[in-house]
Amino acid sequence: MLRRHMSVTSIWQLMGEKITPCLRSHRNLAKLHCALGAVRWSSSYRPAPLLTAAPVRALIDEQTSIKGQFLPPRSPVTVCARMHNEDGDLWEAFAHYNTNANGTFNLTRDHSVGGSYLGCEPMGLFWGLQPAAGAREGLRLRKKNVETPYVVHVSLLDGHVSPSEGQSSELAAVTTERWYMAPGVRRIEIRQNKVVGTLFLPPGPGPFPGMLDLWGMGGGLVEYRSALFASRGYASLSLAYIGHKDLPGPHTSLNVGDSYFKSAFHLLQDHHQVCADRVGIIGLSFGVYLTLRMATQSGVKPSCLICINGPVGSTLKLLDEDGRAQHFDNDQKYWTYDDQGVVTFKEVSLPANLYPGSIAKIENLTCPLMYIEGRDDLNAASTENANLVEETLRAADKSHLLTRLSYPGAGHLIEPPYTPNSRVSLWRVKPEKLFCEWGGQLAPHAAAQEDAWKKILDFMENNLRR
């Protein structure tokens, strides 16, 4: 095939003596001109390789379709995702693909044959993100500012390569944005009636069903799940209860009690844009205990509960009837360490080790409960606690209230989908640096997050909207 940029003189030279007789008549000359034109415009030109992502801007729980086009047929390529967290640390994932006979590949259809994950995983480049080589120890990807997106640069490389090798040129690239807040969602800081939190409201006047959002003993104010709930049409209050500058100190003790959590629930319930009779509670880790404790005491009547990998009680002796507890380091006799000094708190939450006076009266539940357990949870005795919940409700003739989800290979931190799991991360810096083990295998954990999130939203739809 002759290239378009070849000169007419070159073509004539290639045709040699066969061209001379053709010039003896105008008709033949016209035919020659047509032939030359056809030769000039017949081309092996191929469009430049193209990498697309659709949509390029999406919520964190939405899939993005990534495709490659205009590549050599049946050729090896590498797709790489890179992004920086808010502290500037580089995270990356990559996967090897082979183009088909048409020179294309599609992550929703094709199988990775190597890299950060294997098989057909449409969102593997996102949940497969891990700290790049040389990164700081113990990183965990958690969004701090939900009003900005994660910006992920996706690039296409020639051949089956590792991005860290730096030997392959970039054939094409596309940039995607991953958001926790949909357009129109409102973020409102709450410092009212001594309650410390952040309220997220969906677009529009409402009223909306509501969710009170509780995290674990890591403390602080974690907003990203609440922001995503609001993006899905629920007013959500993310509540701080330990380790926050606006709460009573010291920050390593639980210095708020039952009245604080009741105030938070009522604050959400009484908001003029919230349906007062359609408010649920979700808790992860120690937040599970707080969720169950709240729901089984007088003065709080949630419409549903969602509990993720947490205990039904506490190992900490309560300092008063209001639920305040000792310094959480006081349960160190149940902490266990591996050969590298990484701590796990699994034994802390075994039902046999829970302080008897703290165990929630699960038999008093009156609303639907979803309990989600990761079978590879190395931070909490989730299976044992789920068993206790199930047995207690069965004995109370309330088994119909329980929906139990169990995920082999999933760890402690079952969060919104398409976000990467950290099997081990830095737990604290003072008084000494301590790393904590959460558990979870990368691909099974990602599958659990995707499935659990869909079922969480369905559960909320059935119990807060209907």
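Residues numbered from 1 in each chain as written. Predicted model: local features only at pLDDT ≥ 70, side-chain atom pairs only at ≥ 80, totals over all residues. Heavy atoms only, no water.

Below, the discussion takes up the packing of aromatic side chains. Aromatic ring pairs: the centre-centre distance and the angle between the two ring planes describe each pair. Tallied over the entire structure, the rule returns 12 aromatic pairs. Judged by centre distance (5.5 Å) and plane angle (85 degrees), the ring pair of Y260 and F261 falls under edge-to-face. Just as Y260 is buried, F261 falls in that class too. Members of the aromatic cluster, connected to one another through ring pairs, are Y241, Y260, F261, F286 and Y289. Cation over ring: R225 sits above W215, and NZ or CZ is 4.1 Å from the ring centre. (Phe/Tyr/Trp six-rings, centres within 6.5 Å; stacked < 30°, edge-to-face > 60°. Buried < 20%, exposed > 50% of the residue type's maximum accessible area, 1.4 Å probe, protein only. Lys NZ or Arg CZ within 6 Å of the ring centre and 35° of its normal.)

On to helix 7 (residues 382–395). For helix 7, which comprises 14 residues, the first-to-last C-alpha distance of 20 Å matches the rise-based estimate of 20 Å (1.5 Å per residue) to within 8%. S382, N385, A386, V389, T392 and L393 are the residues of helix 7 that are buried. With its buried residues spanning 130 degrees around the axis, helix 7 presents them on a single face. In this structure, the buried side of helix 7 is in contact with strand 19 (369–374) and strand 20 (402–407). Just beyond helix 7, the residue with positive phi is D397, at close to 60 degrees. (Helix = DSSP H or I, 4+ residues; strand = E, 2+ residues; numbered from the N terminus. Expected span 1.5 Å × (residues − 1). Arc of directions from axis to C-beta. Contact = heavy atoms within 4.5 Å.)

This part is about helix 6 (residues 286–295). Of all 10 residues in helix 6, 10 are buried, a share of seventy percent or more. What helix 6 keeps buried is the set F286, G287, V288, Y289, L290, T291, L292, R293, M294 and A295. Against the buried residues of helix 6 lie strand 13 (208–214), helix 5 (258–269), strand 15 (274–284), strand 16 (305–308) and strand 19.

Burial analysis of strand 13 places seven of its seven residues in the buried class, the great majority of the element. Where strand 13 and strand 15 come together, six bridges link them in parallel fashion. Among the inter-strand pairings, L214 is bridged to a residue of strand 15, identified as G283. By the bridge criterion, four bridges tie strand 13 to strand 14 (residues 235–239) in an arrangement that is parallel. Across the sheet, the residue bridging to D213 is S238, located in strand 14. (Pairing = 2+ DSSP bridges.)

Regular strands have side chains that alternate between both faces of the sheet. Counting buried residues in strand 12 (residues 195–201) gives seven out of seven residues, a clear majority hidden from the surface. Both faces of strand 12 are covered, namely the face carrying V195, G197, L199 and L201 and the face carrying V196, T198 and F200. The sheet contact formed by strand 11 (residues 186–192) and strand 12 spans seven bridges and is antiparallel. Pairing of R187 across the sheet is with F200, part of strand 12.

Our focus in this paragraph is the UniProt feature "active site" (unreviewed entry) in the protein. When the UniProt feature table is mapped onto this chain, "active site" (unreviewed entry) is found at S285, D377 and H412. Of the residues just listed, which span 128 residues, no C-alpha pair is farther apart than 10.5 Å, and they cluster in one region. With residues up to four places along the chain from it excluded, the contact list for D377 reads N309, K346, S382, A410, G411, H412 and W438. A polar contact of 2.8 Å, which involves the side chain of D377, links it to the backbone nitrogen of N379. Tracing the chain through its elements places H412 in the loop between strand 20 and strand 21 (424–428). Classification of H412 by relative accessible area gives buried; the value is 1%. Residues contacting H412, with those up to four places away along its chain left out, are L284, S285, N309, D377, N379, A380, W438 and G439. A distance of 3.0 Å separates the side chain of H412 from the side chain of S285, its partner in a polar contact. (UniProt positions renumbered as here; feature names shortened; annotations may be inferred. Polar contact = N/O pair within 3.5 Å; in protein donor to acceptor, adjacent residues only side chain to side chain.)

Right, let's talk about the packing of helix 4 (residues 224–231) against helix 8 (residues 442–465) for a bit. Two elements in contact, helix 4 and helix 8, have axes whose closest approach is 12 Å; the angle formed by their N-to-C orientations is 55 degrees. Judged on the interaxial angle alone, helix 8 and helix 4 are oblique. The way helix 4 lies across helix 8 gives a crossing that is right-handed. Counting all contacts with helix 4, which are made through R225, L228 and F229, the residues of helix 8 involved are W453, I456, L457 and M460. Broken down by class, the residue content of the contact of helix 4 with helix 8 amounts to six nonpolar, no polar and one charged. (Axes fitted to C-alpha atoms, helices over the stretch in contact; angles between N-to-C directions. Parallel < 35°, antiparallel > 145°, perpendicular 65-115°, else oblique. Left-handed = near helix turned anticlockwise from the far one by under 90°. Nonpolar A, V, L, I, M, F, W, Y, C, P; charged D, E, K, R; others polar.)

On to the nonpolar core. Generally speaking, soluble globular proteins have nonpolar side chains that are buried together. In terms of nonpolar packing, the biggest core is built from 75 residues, with L125, F229, I306, I372, I456 and M460 touching the most fellow members. Counting residues per element, this core draws most heavily on helix 8, at nine residues. Leaving out residues up to four positions away in the same chain, L125 has contacts with I66, V79, A81, A93, F94, A95, L107, Y117 and V154. Listed in part, the 50 residues of the second largest apolar core include L239, I242, L267 and I281. (Core = buried A, V, L, I, M, F, W, Y, C linked by side-chain atoms within 4.5 Å.)

The next point concerns the side chain of N309. Along the chain, N309 turns up in the loop between strand 16 and strand 17 (336–337). For N309, the side chain forms a polar contact with the side chain of S382, separated by 3.0 Å. When neighbours within four sequence positions are excluded, N309 is seen to be in contact with S285, V288, Y371, I372, E373, G374, D377, A380, S382, G411, H412 and I414.

Moving on, we get to unusual backbone geometry. The amide bond that connects A54 to the next residue, P55, takes the cis arrangement and shows omega of -5 degrees. Following the sequence through the fold, P55 ends up in the loop between strand 1 (50–54) and strand 2 (57–59). Cis rather than trans, the peptide bond between G206 and P207 has omega equal to 0 degrees. Take P207: it is sitting in the loop between strand 12 and strand 13. Phi angles above zero are rare outside glycine, and F70 is one such case at about 60 degrees. Mapped onto the elements of the fold, F70 is located in the loop between strand 3 (65–69) and strand 4 (76–84). The phi torsion at K194 lies on the positive side, around 70 degrees, for a residue other than glycine. Taking the relative accessible area as the measure of exposure, K194 reaches 77% and is therefore exposed.

Below, the discussion takes up the sheet that holds strand 3. Read from one edge of the open sheet, three strands run 1-3-6, paired in antiparallel fashion. If you trace the sheet from one side to the other, it starts and ends with strand 1 and strand 6 (105–106), each paired once.

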